[in-house]
Every structure is written in structure tokens, then in C-alpha cells.
Amino acid sequence: MPKVKLSHISKNSPEECFAKIQKLFENDKDIRKLDANFSCEFDEDNLCGSANSKQFKAEMEINDHSDGSEVNLVISLPMHLALAKGMVKTMLTKKLEKYVG
């Protein structure tokens, strides 16, 4: 499966980032367009989570960073969506900037 890897630095605390990204994955209409039936699992204690669907799999972890926090996402796409990697990366980068600054 082709993978899209993103890393984003936020001035928010890791806990704030986690809460905002959890809302992003649970409520964002653009992400739901990829597959409306995906499911999410979040581990608040370890500030990580995953999303699974027929169209993609996503892994998230949030770590401390000197400026606040670092958000790392890895999105796995099926082969038939390999050409959409750039579009997915651009969309998620914009979403991270909007949600966690």
C-alpha cells in the first residue's frame, strides 16, 4: 500500500492537539468523503490513534516538541488510489494547519 507521511509542528500542547485532531477525524466532511464508513480508535493516555476503512488506514501519534507538539500521521492507501497521494497529502496538511495551527 502506498503511504502518505506527514509531520506537523504545533504551538498547542500535545493534549490540545490530540483533542483537535480527534474532532478532525470524527467530524470533518472532507475526510468523510473519502469513506463515510471509516472507524476511529483513539488512545488518549498515549496520545495516538488510528482510523480504518475500505479506502485507507491512518495512524496518528503526537509527541512533545520544543515549540509545543509534533503531530505525525501515516496514511496507507490502496494501490488504485496511489495517484491520489499528492492530493491526500495537500488536503491533510491544510486540515492540520487549520485545526492545530
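Quick caveat: nothing in here was measured; it's all calculated off a predicted structure. (Residues numbered from 1 in each chain as written. Predicted model: local features only at pLDDT ≥ 70, side-chain atom pairs only at ≥ 80, totals over all residues. Heavy atoms only, no water.)

1. A look at the side chain of Ser10
Here comes step 1: Note that Ser10 resides in strand 1 (residues 3-10).
Here comes step 2: Within the structure, the side chain of Ser10 is placed 2.5 Å from the backbone oxygen of Val100, a separation counted as a polar contact.
Here comes step 3: With near-sequence residues (within four places) excluded, Ser10 lies in contact with Cys17, Asp67, Gly68, Ser69, Val100 and Gly101. (Helix = DSSP H or I, 4+ residues; strand = E, 2+ residues; numbered from the N terminus. Polar contact = N/O pair within 3.5 Å; in protein donor to acceptor, adjacent residues only side chain to side chain. Contact = heavy atoms within 4.5 Å.)

2. Looking at the nonpolar core
Generally speaking, nonpolar side chains in soluble globular proteins are found buried as a group.
Here comes step 1: Judged by nonpolar contacts, the single largest core of 24 residues is most densely connected at Ile21, Ile62, Leu73 and Ile75.
Here comes step 2: Secondary structure elements with two or more residues in this core: strand 1, helix 1 (14-27), strand 4 (57-65), strand 5 (68-76) and helix 3 (85-100).
Here comes step 3: Sequence-distant contacts of Ile21, defined by excluding residues within four places in its chain, comprise Met60, Ile62, Val71, Leu96 and Val100. (Core = buried A, V, L, I, M, F, W, Y, C linked by side-chain atoms within 4.5 Å. Buried < 20%, exposed > 50% of the residue type's maximum accessible area, 1.4 Å probe, protein only.)

3. Let's talk about the pattern of salt bridges
Here comes step 1: Evaluated as defined, the whole model comprises one salt bridge.
Here comes step 2: Asp28 serves as the salt-bridge partner of Lys95, at 3.0 Å between the closest nitrogen and oxygen. With Lys95 in helix 3 and Asp28 in the loop between helix 1 and helix 2 (29-34), this pair connects stretches of sequence that are 67 residues apart.
Here comes step 3: The exposure class of Lys95 is buried, given its relative accessible area of 10%. (Salt bridge = Lys/Arg side-chain N within 4 Å of Asp/Glu carboxyl O.)

4. Observations concerning a negative patch on the surface
Here comes step 1: A cluster of acidic residues, Glu15, Glu16, Glu44, Asp45 and Asp64, forms a negative patch at the surface.
Here comes step 2: Within the secondary structure layout, Asp45 lies in the loop between strand 2 (39-43) and strand 3 (48-52). (Patch = residues over 30% accessible without salt bridge, like charges linked within 9 Å, V, L, I, M, F, W, Y side chains within 5 Å. Areas by Shrake-Rupley, 256 points an atom, 1.4 Å probe, with all protein chains shown as cover. Lys, Arg positive; Asp, Glu negative; His and termini not counted. Charge placed at Lys NZ, Arg CZ, Asp CG, Glu CD.)

5. Regarding the sheet that holds strand 1
Where strands meet in a sheet, backbone hydrogen bonds hold them as pairs that are either parallel or antiparallel.
Here comes step 1: Across the sheet, five strands lie side by side as 1-5-4-3-2; this open sheet has antiparallel pairing. Edge positions in the sheet fall to strand 1 and strand 2, since each has one partner strand and no second. Neighbour-to-neighbour, the strand axes of the sheet open up by a mean angle of 15°, direction not taken into account.
Here comes step 2: Here strand 3 runs beside strand 4; their pairing, made up of five bridges, is antiparallel. Each residue of the ladder has a partner; that of Gly49, found in strand 4, is Met60.
Here comes step 3: Set on the sheet, helix 1 makes contact with strand 1, strand 2, strand 3, strand 4 and strand 5; between it and strand 4 the angle comes to about 160°.
Here comes step 4: Contacts between helix 3 and the sheet are confined to strand 1 and strand 5, with strand 1 contributing the most and set at about 20° to the helix. (Pairing = 2+ DSSP bridges. Axes fitted to C-alpha atoms, helices over the stretch in contact; angles between N-to-C directions.)

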